[in-house]
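# Results of the structural survey
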Amino acid sequence: MKVIVGSRGSKLALTQTNWVIDRIKNANPNVEVELKVIKTKGDKIQNVALDKIGDKGLFVKEIEQELLEGKIDIAIHSMKDMPSVVPQGLKFSYVPEREDFRDVIILKEGYNSLKELPQGAKIGTGSKRRKYQLLKYRPDLDIVPIRGNIDTRIRKIEEENLHGVVLAAAGINRLGMENKINNKVFYVDEDIILPAPAQGILAIEIRENDHRIEELLKPIHHEESKIQAEAERGFLEAIDGSCHIPVGALCTVNGEEISLEGLFGLEDGSAMVRKTVKGKKEDARKLGFNLAEEIREEMGKSER
Ligand SMILES: NCc1[nH]cc(CCC(=O)O)c1CC(=O)O
């Protein structure tokens, strides 16, 4: 039996996809797995700020089309880049174990922490979630909009004379970057920057009725990561967040109990609400919806 796995061609996407492919092969030694690299619209538009060119889905559509047409059997994405609604005929399969959910700041050489940066230090990020949470912690920072893949963003520390850039720890860890660069990788506590919903979680997308493929993926299932994805993405869906507004979420699983913390802000960062709810793990998605409702309500009060 042969299966074709589709992926974007960025270094991170390929590393993630090959990680999943290795695990599929290990669990199913008789299956032949082929990698197919697919170029998406998001890969073609390089110079426009991400928050100015539409929405999530930019890195996804072409890959989902090939999945629907049977040109590939499995698609691997970063779950945090996935739109809240999966197209008709497709679904997410088993969720593998999550990488680090935190954000990191790659600091200019000579600096070791966020605290010690000078007044007015320049930090590069294109994400409003990262921007407004950082400004809440350090209102003096000068946030500079940047985008590009991980290497490009790290290069901008030099090119644009920044004190640091914010990235997802998951990407840095998966690429083993910490050992490849001279810069200090500073892991930001989630109390300071709540991560994006499902940051560090991979999405394995398949055709809805493809039980044959689903069976191959079963051994890579990680229960806790699946519950986190459900709760955090439930929140994302209900809050109706786009990448134009600050949205963050983090679910913690403790036996049968889960807690879900969410963050939602106005587009200009003038108001932000952060709140935690607790519930049962089988209600993960519903808990996400409840949290969104509570946060919306609180946001309404603060706007009046
Ligand atoms: N926004 C792009 C993106 N999508 C997923 C990751 C990293 C991996 C992950 O969060 O799962 C990144 C890079 C980043 O935010 O630094």
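Preceding this paragraph is the structure being described.
Residues numbered from 1 in each chain as written. Predicted model: local features only at pLDDT ≥ 70, side-chain atom pairs only at ≥ 80, totals over all residues. Heavy atoms only, no water.

### Section: the site of the ligand
By nearness alone, 13 residues border the ligand, and Lys80, Asp81, Arg130, Ala168 and Gly200 come closest of all. Between the ligand and arginine 130 there is a distance of 3.1 Å, counted from an oxygen atom to a side-chain nitrogen or oxygen. Looking at the shell around the ligand, the elements with two or more residues in it are α1 (11–27) and β8 (164–168). Among the residues making up the shell around the ligand, the classes are represented as five nonpolar, four polar and four charged. (Near = heavy atom within 4 Å. Polar contact = N/O pair within 3.5 Å; in protein donor to acceptor, adjacent residues only side chain to side chain. Helix = DSSP H or I, 4+ residues; strand = E, 2+ residues; numbered from the N terminus. Nonpolar A, V, L, I, M, F, W, Y, C, P; charged D, E, K, R; others polar.)

### A few points about the side chain of arginine 233
Structurally, the position occupied by arginine 233 is in helix α8 (residues 223–239). Summary of buried charges: arginine 233 has no salt-bridge partner, and the nearest side chain of opposite charge, glutamate 237, is 6.7 Å away. Within the structure, arginine 233 has its side chain in polar contact with the backbone oxygen of methionine 82 (distance 3.0 Å). At a separation of 2.8 Å, a polar atom in the side chain of arginine 233 contacts the main-chain carbonyl oxygen of proline 83. Beyond its immediate stretch of four places on either side in the chain, arginine 233 contacts Met79, Met82, Pro83, Ser84, Phe92 and Ala198. (Buried < 20%, exposed > 50% of the residue type's maximum accessible area, 1.4 Å probe, protein only. Lys, Arg positive; Asp, Glu negative; His and termini not counted. Salt bridge = Lys/Arg side-chain N within 4 Å of Asp/Glu carboxyl O. Contact = heavy atoms within 4.5 Å.)

### Here's the deal with unusual backbone geometry
Glycine aside, residues mostly have negative phi, and peptide bonds are mostly found in the trans state. Even without glycine at this site, asparagine 161 takes up a positive phi of about 55°. With respect to the helices and strands, the residue asparagine 161 is situated in the loop between α5 (150–159) and β8. Here alanine 198, not a glycine, exhibits a phi torsion of approximately 70°, which is positive. Of note, alanine 198 is situated in the loop between β9 (185–188) and β10 (202–207).

### Some thoughts on α8
The first and last C-alpha atoms of α8 sit 24 Å apart over 17 residues, in line with the 24 Å expected at 1.5 Å per residue. Just past α8, the residue aspartate 240 takes up positive phi, approximately 60°. (Expected span 1.5 Å × (residues − 1).)

### Looking at the sheet that holds strand β12 (residues 257–265)
In space, the three strands of this open sheet follow the order β11-β12-β13, with antiparallel pairing throughout. Every interior strand has two partners, whereas the edge strands, β11 (247–254) and β13 (272–280), have only one. Across the sheet, the mean angle separating the axes of adjacent strands is 15° when strand polarity is ignored. Pairing analysis gives nine bridges linking β12 to β13, with the strands arranged antiparallel. Following the sheet pairing, glycine 262 is matched in β13 by lysine 275. On the sheet, helix α4 (residues 128–137) packs against β11, β12 and β13 and is oriented at approximately 105° with respect to β13. Sitting on the sheet, α8 touches β11 and β12, and the angle it makes with β11 is about 145°. (Pairing = 2+ DSSP bridges. Axes fitted to C-alpha atoms, helices over the stretch in contact; angles between N-to-C directions.)

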